[in-house]
Amino acid sequence: MSAIYGYARVSTNDQDNAIQVAALRAAGCTIVREEKASGTTMAKRSELKQLLEFLRPGDVLMVTRIDRLARSIGDLQDIVRALKAQGAHLKATEQPIDTGTAAGKAFLDMLGVFAEFETNLRRERQMEGIEKAKKAGVYKGRRKSIDDSKINEMIRSGMGASEIAKSLNIGRASVYRLMSRQT
């Protein structure tokens, strides 16, 4: 007996999966796994990994749109290959995707290319914006996560780099970098 499992994903904690979950349940998903994680890589997507391990021959992995599953064509192809190896296939509620058919597979491949293209364009625009902000003197980078004065105080007290790094839960390289700037 095959089953339909849903996967809902949003990128950030301030976004909501509710619309995706409702659509997946309406499409017949018996179980819906959801997470809040970037779709650019498979890293840190434990719910998806668990679903992929759980699927059996004849099962369906259902998403609302392909961009909820993957943003890179490489990850998308890896997921589809994993599904195929398990005898399962992929469907989408809002797109004519069904990897059980030739037309559905072709459409999936085209959408994957466009999703990756969109991600790359977004990254380019972001880098252009950062470069413009730097030239205008507005961009300062991320906030410092390490308190230099605290490290300096620890150095003056005779602590070594490894001991400082361990006590502050930072990398030794960060301590060495600060030490090298002082000489």
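Here is a short report on the structure shown in this document. (Residues numbered from 1 in each chain as written. Predicted model: local features only at pLDDT ≥ 70, side-chain atom pairs only at ≥ 80, totals over all residues. Heavy atoms only, no water.)

One pass over the structure, following the stated rule, counts 1 aromatic pair. When the ring of Y5 is compared with that of F54, the centres are 5.4 Å apart and the planes differ by 85°; the resulting orientation is edge-to-face. Of the two residues, Y5 sits in strand β1 (residues 4–10) while F54 sits in helix α2 (residues 46–54), which places them 49 residues apart along the sequence. Of the residues examined, Y5 reaches a relative accessible area of 10% and is grouped as buried. For F54, a relative accessible area of 43% puts it in the partly exposed group. (Phe/Tyr/Trp six-rings, centres within 6.5 Å; stacked < 30°, edge-to-face > 60°. Helix = DSSP H or I, 4+ residues; strand = E, 2+ residues; numbered from the N terminus. Buried < 20%, exposed > 50% of the residue type's maximum accessible area, 1.4 Å probe, protein only.)

Among the secondary structure elements, D98 is positioned in the loop between β4 (89–92) and α4 (102–135). Looking at D98, its side chain comes within polar contact range of the side chain of H89, at 3.5 Å. Residues within four places of D98 in sequence aside, it is in contact with H89, L90, K91, G104 and K105. (Polar contact = N/O pair within 3.5 Å; in protein donor to acceptor, adjacent residues only side chain to side chain. Contact = heavy atoms within 4.5 Å.)

Across all of its chains, the model carries 8 salt bridges by this definition. When the shortest N-O distance is used, the salt bridge between D67 and R65 registers 3.3 Å. A relative accessible area of 29% means that R65 is categorised as partly exposed. Residue R65 is joined to E94 by a salt bridge in which the shortest nitrogen-to-oxygen separation is 3.7 Å. Of the two residues, R65 is situated in the loop between β3 (60–63) and α3 (73–85) and E94 in the loop between β4 and α4; the sequence distance between them amounts to 29 residues. (Salt bridge = Lys/Arg side-chain N within 4 Å of Asp/Glu carboxyl O.)

End to end, α3 covers 18 Å across 13 residues, agreeing with the expected 18 Å (1.5 Å per residue, within 8%). Listed as buried for α3 are I73, D75, L76, I79, V80 and L83. Buried positions in α3, seen along its axis, are confined to an arc of 165° and lie on one side of it. In this structure, the buried side of α3 is in contact with α2, β3, β4 and α4. Where α3 terminates, the next one or two residues include G87, which has phi positive at roughly 80°. (Expected span 1.5 Å × (residues − 1). Arc of directions from axis to C-beta.)

Function cannot be read off these values alone, since they describe shape.
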